[in-house]
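Structural characterization, general
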Amino acid sequence: MPDETLSSPDETPTEPLSLTDIEAERQRQLALTPPEEDGTRQIGQDYQPALTFRGSAQGFAAAALRDIGRVREMNQDCALATIMTVPREGQDVTVGLFVVADGMGGHRGGEVASRLAVQTVLTSVLERLVLPVIEDGIIEALQPLMIEAVQEANAVIWREAQAAGSDMGTTCTAALVIGNGLYVAHVGDSRCYVYEPAGLRQLTTDHSTVGRLIALGQLDPEEAREHPLRNQLYRTVGQQPHVAVDFVYHQLNNCSHLVLCSDGLWSLVEEKAIEQALLHSPWPYDVCRELIALANLAGGDDNISVVVVSLPLDEGAL
């Protein structure tokens, strides 16, 4: 009786390919003209989607680090960086959520406030955006979602402060990335930058006395670093029952990086030095470490938090 398990000559071989065979096949396909679409569709007989390869100069990756600095006895900053691919019936969705919160208040108050801010924003985005996407629900408008997430954080911290008799509060800068869209909700003087071919660009406005003077054209941004009122904030999260939240939308088409940071970084490290750090390594974690080291070398007089995000770039884009 013939062996019915044997493959016909036209079927895929059942023996595993050697590494040499795989590399030879990869090189053969690289030599072919690449398809216009990605390798998951029907792209013709000359291509096998599993081995179709298109190089990227840079991928979507992120890191968040915080450091106590060289003067403070407690770290009251909190930072979050998370990237997830959310399954949908039609097409998967990649979502990035990044938050920096710089706490303030009495003993441990600022630490509690910044952590509550990050927790509340994360929970709100998961409940109102991520879970409905998994269930193929309608994605609600992202601007009110981000603003209301920070306002909910304000309400949570306000209630906690009232119960504890504390004056705790925090800054909160939260950035959501979906596709080429960046949605930023912001209160305080933690910052969000994008790095574009023209250089680093600050998207957020500091809610501080010096920030207002800069906006009015009465103070040069470089002078703000040494200004005696540079730490005086007029808008924070959790220190009033209600808070107005700034919102910024930005297209990421030409951006290679995002940077979120507390004033412990931007007040001590010039923007040119941040740009150089972004160019020193493709790894966000290494860039975070370099930036924190630079802030500590410059004095480290405050807690330091930084989130660095590298954005996908096609081959040849750099």
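Everything below is about the structure shown above.
Now for a look at the structure at hand. (Residues numbered from 1 in each chain as written. Predicted model: local features only at pLDDT ≥ 70, side-chain atom pairs only at ≥ 80, totals over all residues. Heavy atoms only, no water.)

A look at the sheet that holds strand β12 (residues 304-310)
The strands making up a sheet associate through backbone hydrogen bonding, with each pair oriented either parallel or antiparallel. The line we're drawing: When DSSP finds two or more bridges between two strands, those strands count as paired. Runs of E in the DSSP output that reach at least two residues are strands. Runs of H or I that reach at least four are helices, and both are numbered from the N terminus. Helix axes use the C-alpha atoms of the stretch in contact, all axes being lines fitted to C-alpha atoms, and the angles between their N-to-C directions lie in the range 0 to 180 degrees. A contact between two residues is defined here by any heavy atoms of the two lying within 4.5 Å.
Taken together, the 5 strands give an open sheet; going across it, the order is β2-β12-β11-β8-β9, and neighbouring strands pair in antiparallel fashion. The open sheet is flanked by β2 (61-67) and β9 (199-202), the only strands paired with a single partner. Neighbour-to-neighbour, the strand axes of this sheet turn through a mean angle of 20°, independent of strand direction. In this structure, β2 lies alongside β12, joined through 7 bridges in antiparallel fashion. By the bridge assignment, A63 is partnered in β12 with V308. In the packing of helix α6 (residues 271-280) onto the sheet, contacts are made with β8 (191-196), β9, β11 (257-261) and β12, and the angle to β9 comes to roughly 120°.

Re the pattern of salt bridges
Between side chains of opposite charge, a pair can form as their charged atoms come close. Definition in use: Should a side-chain nitrogen of Lys or Arg be within 4 Å of a carboxyl oxygen of Asp or Glu, the pair is scored as a salt bridge. For every residue, the accessible area (1.4 Å probe, protein chains only) is compared with the maximum for its type, and the residue is labelled buried under 20%, exposed over 50%, or partly exposed between those bounds.
Under the criterion given, the structure shown has 6 salt bridges. A salt bridge links R128 to E148; the nearest nitrogen and oxygen atoms lie 2.8 Å apart. With R128 in helix α2 (residues 109-134) and E148 in helix α3 (residues 142-164), this pair connects stretches of sequence that are 20 residues apart. Using a relative accessible area of 24% as the deciding quantity, one classes R128 as partly exposed. Using a relative accessible area of 35% as the deciding quantity, one classes E148 as partly exposed. A salt bridge links D246 to R235; the nearest nitrogen and oxygen atoms lie 3.1 Å apart. Taken together, the residues D246 in strand β10 (residues 246-251) and R235 in the loop between α4 (209-215) and β10 connect sequence positions 11 residues apart.

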